[in-house]
Amino acid sequence: MTSSLQQIFAEAKTKWRRLQESEIPVFFVGAATCGRAAGAAEVLQSLRGHIKAKKVKARVIEVGCLGPCSFEPLVIVHKSGAPRVCYANIGPDEIIHILENYVLGDDPCTKWALGTMTPGQLDGIKDFNEHPMMRRQVRNILRNCGLIDPENVHHYLAREGYRGFLKALEIGPDETLEQVKSAGLRGRGGAGFPTWRKWQFCRDAAGKTKYLICNADEGDPGAFMNRSLIEGDPHAVLEGMLIAAFTLGVSQGYIYCRAEYPLAIHRLETALSQMRELGLLGENIQGSGFSFDLTIKKGAGAFVCGEETALIASIEGRRGMPQPRPPFPAVSGLFEKPTVIQNVETLGNLPLILRNGAGWYTQYGSDSSKGTKTFALAGKIERTGLVEVPLGTTLATIIEQIGGGVPDGKALKAVQTGGPSGGCIPAEKMDLPVDYEALAEAGCIMGSGGMIVLDEDSCMVDIARYFLSFTQAESCGKCSPCRVGTRAMLSILERIAAGEGQMADLEKLEQIARTVKDGSLCGLGQTAPNPVLTTLRYFRDEYVEHIEKGRCPAFVCSAMISYHIDRDRCSGCGACARVCPVEAISGEKKKPHVISQEICIRCGACLGACPSRFAAVYRRSGELIRYEQRKNSRKQQKNKDQLT
Amino acid sequence: MKLTIDGKSVTAKKGQTVLECAKENNISIPNLCTHSSLSPFGACRMCVVEIDGMRGYPTSCTTPAAEAMVVRTDTEELRNLRRNILALIMLEHPSACLVCGRRELCEQFRPDAERAGSTTGCHTCNNKEVCDVRVLADDLGLKDLPVPPVYHERPLERSEPFMDRDLNLCILCGRCVRICKYHQGKSVIDFVGRGSETRIGQAFGRSLLEAGCQFCGSCVDVCPTGSLADRYAKWHGRAEDVTESTCIFCDQACALALAAAGDKLITAQALNESVPLCVLGRFAIPEFLNGGDRLVAPHIRVGEVLRQVEWQEAIEMTALKLSEFTGDNFALVCDATSTLEDRYVLKKFTSEVMKSKNYIEIEPDARGVSRCSLPKGTKAALLTGNFVDTADLEKLEFLIVQDCYPTPASERANAALPAAVFAEVDGTVLDLSGQKRPLRKACEPPGLAKPEWWIISRLAQAMGAKGFDYESAGSISQEAGIADAGLWIDREEAPPAALNLNLRRTYFRGHRIDEKVRGLRELPVDGTCALDEVEVKREGAFQILRKNELAPNVHEIVISAPEVAKKALPGQFIILMVDEQSERVPYTLSGWDAEKGTITLVVLEKGQSSRKLVLLDVNDKLAHVVGPLGVPLEIENYGTVALAAGCYGIAAIAPIAKAMKEAGNRVIAISEARSHYLHYYKDKLRDFCDQFIQTTIDGSMGIKGHAIDALTQKLSDGEKIDRVIAVGCPFMMMVTANETRAYGVKTLAALNPIMLDGTGMCGACRVSVGEKMKFACVDGPFFDAHLIDWDELRDRRAAYSAEEIHSLGRTESVAAAPLSRHKCSCPH
């Protein structure tokens, strides 16, 4: 590296060390989009306001996502002389409490502490990495997220940032390719295609002008892996792009980021200008002769633009409709030049491989699927969040150990992976190792990492219907199997969910699903039937129950549920009547009330309003009856307990 | 390179796709979105094949042929997949006729499509005779649809010049979008919206004109369905004769394929795949040549008037008089719209017969204007067009005009002779670089019009000249040494007016083209738009009070007609005229309110006059309504009465059902429609019936099949039905009658022949019932269905089809809608 860069590295290391050893307190507030959604903005406002008002000497740094999203807002507190403590579920009042009582006092506020982040002992607080959610994780790709200031490039540099790229420059493009090959890196966007092979096609393709695109469109509902990485550690992705571009001989790159990620785009823009300042972007980078520049292109709200050829069309300013392949983008892509499109996370792996070597990388993962993978764990799970595990880790480990299992004592029903292109893995298959081959065998795909946990209160027919309504709305419309087929399947599912299904519908559903799968032009259509096919494969009996018994066993399909009041239990308090939005409930005071089935719109407000000591409102679906409903969110409950 | 397709070893050229290679080797693979002039798109998915080593089912149109490839095009799986994909495509396209159980019978009975407004089945589609989708459906054996189809209910687009668009028929093959990009270099139309909302449209909902459309018609030419249609030509089906010729509206001399039906020209299309025609070449020729005021007979001036005469007399009288004006006081003026052969003869005539040096041949300017003044002292002249100012003409003593259309010149001529022009003649023309291009006769001239060389030759002969005994244009070419004329089929650049319609010619032979071709008036010239306010006077006593489209193409119209409402009885009808020039059309009374003084009609848009009616708005007035006409239906207590109804019949049986019920009958009403979205009046009929059944041809709702199928089910189950009344199209009533015959149930049908006076005088509505001749207006409209000659009824109803088709094309904006529709924010 150039001497100036060397110097900057040294400075960065110094700055970082100073931060680690800071005399004054430092508050690292998890303020990425997930943190903000949980209330981190209010925490920041409260904290900063208090610090200013009370003239406290302290620093506040906004960091990215640390991982345990169900515990957000998270604040890591650095107090000189003590190990750093990660606090969870912190609101604007709690942070002041911590400031006053721990930072300016002696009480570590253990009731909110999730764990210690650095060596050292604090009574009553365990090591963060021993937390059941963190213990089985291997956070390689996400190593910086939640710990560094993503807008401070020195933090990245101090933690071995850009060493991978410099290594690549040193060993040259051919050897870099070899490293990636030996590491066995497979595309993390969902297809799992060997990265080195894609690069090889592009390198072999004729022509001097070639392009590299980072696919940051992340369209799967419920997926937030890419967003978190970009918001928390943008340079990791950009360094990966440098490595890839260098190996491919590409001088112009694009980052296609969905417009619904404004913070991620802002982080990228900041990071790009920092790269330019450091001489890591532009002409003749670090005197290597390698020139590369990057442009950010915002998406415009289309899921289909996550598909390679549609993405290319979008960058070219055309309508995002996929093209048949061949020709493959690696041979003829953007502006008809050889183009490599990589997922954000695939790129995030590259600095690690180059810095630590392929040998290091392959210690993680299974035989066919090397390395680690991030998963967005969500749904009916005790601990939702962004987790990273070696490929080959079983579902049981992820769901039960890391995720803490299904809350409220409910039974696990299935795990949905791969978003709208994926499928449902039933509870019996929790021993399935999560790697590309094992999931494919089970009829599912890993996808980009979305993992939604479903319990006994999830209706599989409804799940299929939900995903299909998504793909139907997002279909670009070019080919009929997808455009019409998804609507046709959706109409059948809606009929079944409305209690109007017939047994012949199941065969029809499968037949249309086959046609859509075999006939569609692109991956969106080809995989759109997957939720239907996997739920039919593993949960056929639920469909049959809807059709033959006229009931939804999970009490989800509202057309098949009716609300009633148990006259023996009802005290006539009127709580339900008061919340009913359509005035369907009538009755005299202190006398049992009654719900008019003609007027009732099945919103469920009455069920929630009825005091638990009466629990008089119940639901009926076919011949099934259910009294209780889901409890309030656990988090709300916890906070309520802790503050008193 | 060598590859294997279906076990056959074939050779492919470099760069060919599997589909192209297969086609060259006579292996046919179904395809809808490919087109020879467009690059592959891969949207329809019909051309899927199996290729060893490739996953899934790749599309052969997009897959490049490769050495040693092994391809299978016709396996069981592929056929199933293609059929299923076609079935999905057919869920968004009116497809009931494809899966109808009586399709063959219907095709036999009525092979030609009817002229509906909104197409809801093959039988009312302008594309029926030439439709690729129908052929595919047959080949693949498409028999039913997996789920109920959808009709998008997108509004018909019929107010833009020359092109009708029905987006409910579009199968999104994308050919139109691609050809526009290819021919025009821009996307005037493109895919808009996503998912089920995907459709073809212009950005921001602009009109075609505002979006920059040049009306080259290339999109219409490539549309595989009836979605995009040439308004003038669309109902002609397959053309009988196609002739390759040249366009002579300007000197770009584009090569054309001219299609004629009968003797009339119906459409012109480009022969050249890679460049478009301009709006004149594509859309103006048939209308120009078929204009109603073409000169069709020779006229000779007698005093103040022009008297029509036979050619013999015209020639003789003209020759006689013309002989007085030999020498330089005779001038002959023609322009480049006359063929080289014509001009050769004209020149020869001028110099050899008239002994004059004043042969004037005008080269039209950029707008096609041909103007000149006559040489001083001219006393007699022969003009082949409107080239000279009236002031100049006043100085003449003798004027002959041989032209295609009347002009001030022909009005004051001593001899006005009808000329055959353009596609009506053979000959040769020159293009802008002087190359010879052939003009070939594609249709007959109107009336007695003759080619120009013929007129002049006969004139010369009548004047005693020798050397004018030409019998064909070819003999003139020979003598004049005109040879080597070749069609310009390999042009690489589009004619300028095709890419910018502002540059087009506005005159042809001295005539304003847009006076004969009205659609042109909506298109700008030189950046300005010639807007034309057309005031349509609506006078009449019968106001439309309410209007409602009950189902695609089914319109409910409530009209104020107190006298009719007072007297109406079930089964009767009225005859109406929209305006003083309209056809008289009978419509069944579907309802009336004596108190309010209103009548209700349910009208299907099925042609010229119903279109006029349907395009009216609330508060518009009809010129005439006469009724109630016809013998009221006999209403008694028969026991159980079954009413079978289709199309407008569903509304027509409502008053009948009510009356039958009130008379004590058990009433069963069975309504049939092609698909679920075409049913209407469900609640209304249910109120009047004991049992109400709905059937659909495609099985999307109710019982699958025709009304008669539900009826025969009952009859064969032993149910006692005493009387059947059928109201619908002749095919439906015929089928109903044929199948009730076996059960011996008395069946009445409401006949709907064409009608004129409606009171028993003219005989237009004659029908044969048993061996007797009856009038539907005063003996019917209900007759014993088992005695009707259905074939005769069908034939008589179609008696004026040809005229109607031609009138449909001429009356562009048939309705009240003024021509000046666009607000001139277009980029022209």
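Residues numbered from 1 in each chain as written. Chains lettered and ligands numbered in written order. Predicted model: local features only at pLDDT ≥ 70, side-chain atom pairs only at ≥ 80, totals over all residues. Heavy atoms only, no water.

Asker: Could you give me a rundown of the overall build of chain B, with the residues and numbers involved?
Answerer: Within chain B one finds 23 helices and 40 strands. The globule rule puts the C-alpha radius of gyration for 828 residues at 28 Å, and the 31 Å found for chain B is close to it. Counting only C-alpha atoms and orienting by the principal axes, one finds that chain B spans roughly 95 × 80 × 50 Å. In chain B, which comprises 828 residues, the share counted as buried stands at 60%. Taking as baseline every contact in chain B between residues at least 6 positions apart, the subset at least 24 positions apart corresponds to 66%. Accessible area for chain B stands at about 32,700 Å²; split by element, carbon and sulfur atoms hold 48% of it. The average position of the 97 basic charges and that of the 111 acidic charges among the side chains of chain B differ by 2 Å. (Helix = DSSP H or I, 4+ residues; strand = E, 2+ residues; numbered from the N terminus. Rg over C-alpha atoms; globule rule 2.2 N^0.38 Å. Buried < 20%, exposed > 50% of the residue type's maximum accessible area, 1.4 Å probe, protein only. Contact = heavy atoms within 4.5 Å. Areas by Shrake-Rupley, 256 points an atom, 1.4 Å probe, with all protein chains shown as cover. Lys, Arg positive; Asp, Glu negative; His and termini not counted. Charge placed at Lys NZ, Arg CZ, Asp CG, Glu CD.)

Asker: Give me the domain arrangement of chain A: which residues, what numbers.
Answerer: A common way to state how big an interface is: give the accessible area lost once the parts meet. Once the domains are mapped, chain A shows domain 1 (14-128), domain 2 (156-360), domain 3 (372-458), domain 4 (461-549) and domain 5 (558-643). One C-alpha centre belongs to domain 1 of chain A, the other to domain 4 of chain A, and the line joining them spans 47 Å. (Domains from an automatic or database assignment.)

Asker: Would you mind going over the nonpolar core in detail, with residue names and values included?
Answerer: Judged by nonpolar contacts, the single largest core of 141 residues is most densely connected at Leu86, Phe249 and Phe422 of chain B. The dominant element in this core, judged by the number of residues it contributes, is helix H18 (residues 480-497) of chain A, at 9 residues. Each of two domains, domain 2 (156-360) and domain 4 (461-549) of chain A, supplies a minimum of three residues to this core. Once you skip the residues sitting within four places of it in the chain, Phe249 of chain B turns out to touch Leu280, Gly281, Ala284, Ile285, Phe288, Phe422, Arg505, Phe508 and Ile513 of chain B. (Core = buried A, V, L, I, M, F, W, Y, C linked by side-chain atoms within 4.5 Å.)

Asker: Before we move on, could you go through the packing of aromatic side chains and cite the residues and values that matter?
Answerer: Residue and element names in this part refer to chain B. Using the criterion set out here, one finds 27 aromatic pairs over all chains in the structure. When the centroid spacing of 5.3 Å and the interplanar angle of 80 degrees are considered together, the rings of Phe288 and Phe508 count as edge-to-face. Of this pair, Phe288 sits in helix H7 (residues 279-289) while Phe508 sits in strand S22 (residues 507-508), and the two are 220 residues apart along the sequence. Both residues of the pair, Phe288 and Phe508, count as buried. Each residue in the set Phe249, Phe288, Tyr405, Phe422 and Phe508 is aromatic and connected to the rest through ring pairs, giving one cluster. Across the ring face of Tyr405, the terminal group of Arg294 is positioned such that the distance to the ring centre comes to 5.9 Å. The ring of Phe109 carries the charged tip of Arg794 above its face, separated from the ring centre by 5.1 Å. (Phe/Tyr/Trp six-rings, centres within 6.5 Å; stacked < 30°, edge-to-face > 60°. Lys NZ or Arg CZ within 6 Å of the ring centre and 35° of its normal.)

Asker: Can you break down the pattern of salt bridges residue by residue, with the values?
Answerer: All names here are of chain A. Across all of its chains, the model carries 71 salt bridges over all chains by this definition. Its salt-bridge partner being Glu151, residue Arg267 comes within 2.9 Å of it at the nearest N-O pair. Highlighted residues: Arg267 in helix H11 (residues 262-278) and Glu151 in the loop between helix H5 (132-135) and helix H6 (153-158), separated in sequence by 116 residues. (Salt bridge = Lys/Arg side-chain N within 4 Å of Asp/Glu carboxyl O.)

Asker: Just give me the short version of the environment of Lys234 of chain B, but keep the residues and values in it.
Answerer: Residue and element names in this part refer to chain B. Topologically, Lys234 is positioned in the loop between strand S8 (228-230) and strand S9 (241-246). Separated by 74 residues in sequence, Lys234 and Gln308 place their C-alpha atoms 35 Å apart. Excluding anything up to four places from it in sequence, Lys234 contacts Asn126, Asp164 and Ala229.

Asker: Give a description of the confidence of the model for chain A that names residues and reports values.
Answerer: When the pLDDT values of chain A are averaged, the result is 94; 97% of them are 70 or greater. A low-confidence stretch, residues 639-644 of chain A (pLDDT under 50), is modelled with 5 contacts involving residues beyond four sequence positions or located in other chains. (pLDDT = per-residue confidence, 0-100.)

Asker: Give me the lowdown on the packing of helix H10 (residues 234-248) of chain A against helix H13 (residues 344-356) of chain A, citing residues and values where you can.
Answerer: All names here are of chain A. H13 packs onto H10 with a crossing angle of 75 degrees between their chain directions and a minimal axis gap of 7 Å. By the criterion of interaxial angle, the relationship of H10 to H13 is roughly perpendicular. Touching Ala236, Val237, Glu239, Gly240, Met241, Ile243 and Ala244 of H10 are Val344, Leu347, Gly348, Leu350, Pro351 and Leu354, all from H13. (Axes fitted to C-alpha atoms, helices over the stretch in contact; angles between N-to-C directions. Parallel < 35°, antiparallel > 145°, perpendicular 65-115°, else oblique.)

Asker: Describe in detail the interface of chain B and chain A, supporting the description with residues and values.
Answerer: Taken together, the contact between chain B and chain A spans 28 residues of the former and 31 residues of the latter. Buried area between chain B and chain A, summed over both chains or domains, comes out near 2,500 Å², and the portion from carbon and sulfur atoms is 57%. Taken as a group, Arg45, Leu88 and Arg194 of chain B account for 24% of the area that chain B buries against chain A, more than any other trio of residues on that side. Put simply, chain B and chain A have 12 residue pairs in polar contact (both at pLDDT 80 or more) between them. At the level of secondary structure, the elements contributing two or more residues to the side of chain B that touches chain A comprise helix H2 (76-89) and strand S6 (190-192) of chain B. Looking at which element gives the most residues to the side of chain B that touches chain A, the answer is H2 of chain B, with 5 residues. In the side of chain B that touches chain A, the residues fall into 17 nonpolar, 8 polar and 3 charged. (Buried area = accessible area lost by both parts, 1.4 Å probe. Polar contact = N/O pair within 3.5 Å; in protein donor to acceptor, adjacent residues only side chain to side chain. Nonpolar A, V, L, I, M, F, W, Y, C, P; charged D, E, K, R; others polar.)

Asker: For the packing of helix H20 (residues 707-716) of chain B against helix H21 (residues 730-741) of chain B, give the residues involved together with the corresponding values.
Answerer: Residue and element names in this part refer to chain B. Two elements in contact, H20 and H21, have axes whose closest approach is 9 Å; the angle formed by their N-to-C orientations is 15 degrees. Taken together, the axes of H20 and H21 lie roughly parallel to each other. Taken as a pair, H20 and H21 cross one another with a handedness that is right-handed. Residues Ala707, Ile708, Leu711 and Thr712 of H20 form the contact with H21, whose own contacting residues are Met732, Val735, Thr736, Glu739 and Thr740. Looking at the contact of H20 with H21, its residues break down into 5 nonpolar, 3 polar and 1 charged. (Left-handed = near helix turned anticlockwise from the far one by under 90°.)

Asker: Give a detailed account of the state of the cysteines, specifying residues and quantitative values.
Answerer: Residue and element names in this part refer to chain B. Taken as a whole and judged by the stated rule, the model has 0 disulfides over all chains. Left without a disulfide partner, Cys33 is nearest to the cysteine sulfur of Cys44, which lies 3.8 Å away. For Cys33, a relative accessible area of 1% translates into the label buried. In this structure Cys777 is not part of a disulfide, and its nearest cysteine sulfur, from Cys765, lies 3.5 Å away. Judged by its relative accessible area of 2%, Cys777 falls in the buried class. (Disulfide = S-S within 2.5 Å.)

Asker: Account for the sheet that holds strand S3 (residues 50-51) of chain B, with residues named and values stated.
Answerer: All names here are of chain B. Read across the open sheet, the 4 strands follow the order S2-S1-S4-S3; overall the sheet is mixed. With partners counted over all chains shown, the strands left at the sheet margins are strand S2 (8-11) and S3, one partner each. Pairing of strand S1 (residues 2-5) with strand S4 (residues 70-72), which is carried by 2 bridges, proceeds in the parallel orientation. Among the inter-strand pairings, Ile5 is bridged to a residue of S4, identified as Val71. (Pairing = 2+ DSSP bridges.)

Asker: Talk me through the sheet that holds strand S5 (residues 113-116) of chain A; I want residue IDs and the actual numbers.
Answerer: All names here are of chain A. Pairing within the open sheet is mixed, and its 5 strands lie in the order S2-S1-S3-S4-S5. Each having just a single partner strand, strand S2 (59-63) and S5 make up the two edges of the open sheet. Recorded for the sheet is a direction-independent mean angle of 20 degrees between the axes of neighbouring strands. The strands touched by helix H3 (residues 40-53) within the sheet are strand S1 (26-30), S2 and strand S3 (75-78), with S1 carrying the most contacts at an inclination of about 160 degrees.

Asker: Describe the environment of Val564 of chain B, listing the residues and the values that go with them.
Answerer: Residues and elements named next belong to chain B. Tracing the backbone through its elements, the reader meets Val564 in helix H16 (residues 562-567). Since its relative accessible area comes to 3%, Val564 is described here as buried. Sequence-wise, Val564 and Tyr680 are 116 residues apart; in three dimensions their C-alpha atoms are separated by 25 Å. Discounting residues that sit within four places of it in the chain, Val564 has contacts with Ile574, Leu589, Ile599, Val625, Gly627 and Pro628.

Asker: Explain the pairing of strand S14 (residues 330-335) of chain B to me, using residue names and the numbers behind them.
Answerer: Residues and elements named next belong to chain B. Across the 6 residues that make up S14, a large majority, 6, are buried. Every second residue of S14 is oriented toward a common face, with Phe330, Leu332 and Cys334 on one face and Ala331, Val333 and Asp335 on the other, all of them buried. Relative to strand S15 (residues 359-362), S14 is paired through 4 bridges, and the arrangement is parallel. By the bridge assignment for S15, Leu332 is matched with Tyr359. Regarding topology, helix H9 (residues 340-353) serves as the crossover connection from S14 to the parallel S15, and that connection is right-handed. (Right-handed = clockwise from strand over helix to strand, strands pointing away.)

Asker: Pulling in residues and values, what's your account of the side chain of Thr407 of chain B?
Answerer: Residue and element names in this part refer to chain B. Its place among the elements puts Thr407 in the loop between strand S17 (398-403) and helix H11 (408-411). Since its relative accessible area comes to 5%, Thr407 is described here as buried. With sequence-adjacent residues up to four places away left out, Thr407 is seen in contact with Asn386 and His511.

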